[in-house]
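What the coordinates show
So you can see what is in the structure, the chains are spelled out below.
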Amino acid sequence: MQRLLLLMLREGPAHGYGLAARLDVLGVERRCRGRIYPALRWLDMKGLVTAWWHMPDYGSARRMYELGPTGLATVERLAQVLATEIPLLGDPLSAYVVAMARCGAPDEEEAHAS
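In this text, all values refer to a predicted model and were calculated from it rather than measured experimentally.

A count of helical and extended segments in the chain gives six helices and three strands. Going through the 114 residues of the chain one by one, you find that 38% of them count as buried. Across the chain, contacts joining residues at least 24 apart in sequence account for 57% of those joining residues at least 6 apart. Here the chain has roughly 6,900 Å² of accessible surface; of this, 57% comes from carbon and sulfur atoms.

Next up, the structure:
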């Protein structure tokens, strides 16, 4: 989940609910939503993303996430790996989303986080 979120944040800052909505559009199963916020917290703790509170003119405050320099470098390396390892599937992000659509195997980081 962390890698997928990093790839999505490459497009710009987002809040968790917005990322969840994008995962729905991409076909990632709804049961995976429970993994989004722990993954975002892990990315923040590791310095891959920066998190802050956005106070809109109306509604509730939202925790926003944005790639930090380390996260951007990680995402660029990941995109290169995906582009070279999955050339037959076309767009690397699309290929990764297809692989994650059923929640996939836990990321390495998730396995070591416990």
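More follows now that the structure is in view.
Now for the confidence of the model for the chain. For the chain, per-residue confidence averages 79 on the pLDDT scale, and residues scoring 70 or more make up 74% of the total. Between the elements of the chain, mean pLDDT differs from a low of 45, seen in helix α6 (residues 108–113), to a high of 95, seen in strand β3 (residues 62–67). The model gives residues 108–114 a pLDDT under 50, and that stretch makes eight contacts with residues more than four places away or in other chains.

Taken together, three strands build an open sheet; the order of strands is β1-β3-β2 and the sheet is antiparallel. The strands lining the two open edges of the sheet, one partner per strand, are β1 (14–15) and β2 (49–54). Alignment of β1 against β3, held across two bridges, turns out to be antiparallel. The residue of β3 that forms the bridge with Ala-14 is Tyr-65. Contacting β1, β2 and β3, helix α1 (residues 2–9) runs over the sheet at an angle of about 85° to β3.

It is worth spelling out helix α2 (residues 16–26) at this point. Restricting attention to buried positions, one finds in α2 the residues Gly-16, Leu-19, Ala-20 and Leu-23. In an axial view of α2, the angular spread of the buried residues amounts to 100°, which keeps them on one side of the axis. Counted as exposed and oriented over 90 degrees from the buried face of α2: Tyr-17 and Val-25. Where α2 is buried, its residues contact α1, β1, α3 (36–45) and β3. Within two residues after α2, Gly-27 carries a phi angle of roughly 90°, on the positive side.

Let us now look at the nonpolar core. Among soluble globular proteins, nonpolar side chains are generally buried collectively. In terms of nonpolar packing, the biggest core is built from 26 residues, with Leu-5 and Leu-9 touching the most fellow members. For this core, the secondary structure elements donating two or more residues are α1, α2, α3, β2, β3 and α4 (69–85). No other element matches α1, which puts six residues into this core. Among residues more than four places away in sequence, those in contact with Leu-5 are Leu-19, Ile-36, Ala-39, Leu-40 and Leu-43.

Next up on the list: α1. Counting buried residues in α1 gives seven out of eight residues, a clear majority hidden from the surface. Buried within α1 we find Gln-2, Leu-4, Leu-5, Leu-6, Leu-7, Met-8 and Leu-9.

This brings us to the packing of α1 against α2. At a minimum axis separation of 11 Å, α1 and α2 run at an interaxial angle of 100°. Classified by the angle between their axes, α1 and α2 sit roughly perpendicular to one another. Contacts between α1 and α2 involve Leu-4, Leu-5, Met-8 and Leu-9 from the former and Leu-19, Arg-22 and Leu-23 from the latter. Class assignment for the residues of the contact of α1 with α2 results in six nonpolar, no polar and one charged.

Rules of the game
Residues numbered from 1 in each chain as written. Predicted model: local features only at pLDDT ≥ 70, side-chain atom pairs only at ≥ 80, totals over all residues. Heavy atoms only, no water. Helix = DSSP H or I, 4+ residues; strand = E, 2+ residues; numbered from the N terminus. Buried < 20%, exposed > 50% of the residue type's maximum accessible area, 1.4 Å probe, protein only. Contact = heavy atoms within 4.5 Å. Areas by Shrake-Rupley, 256 points an atom, 1.4 Å probe, with all protein chains shown as cover. pLDDT = per-residue confidence, 0-100. Pairing = 2+ DSSP bridges. Axes fitted to C-alpha atoms, helices over the stretch in contact; angles between N-to-C directions. Arc of directions from axis to C-beta. Core = buried A, V, L, I, M, F, W, Y, C linked by side-chain atoms within 4.5 Å. Parallel < 35°, antiparallel > 145°, perpendicular 65-115°, else oblique. Nonpolar A, V, L, I, M, F, W, Y, C, P; charged D, E, K, R; others polar.

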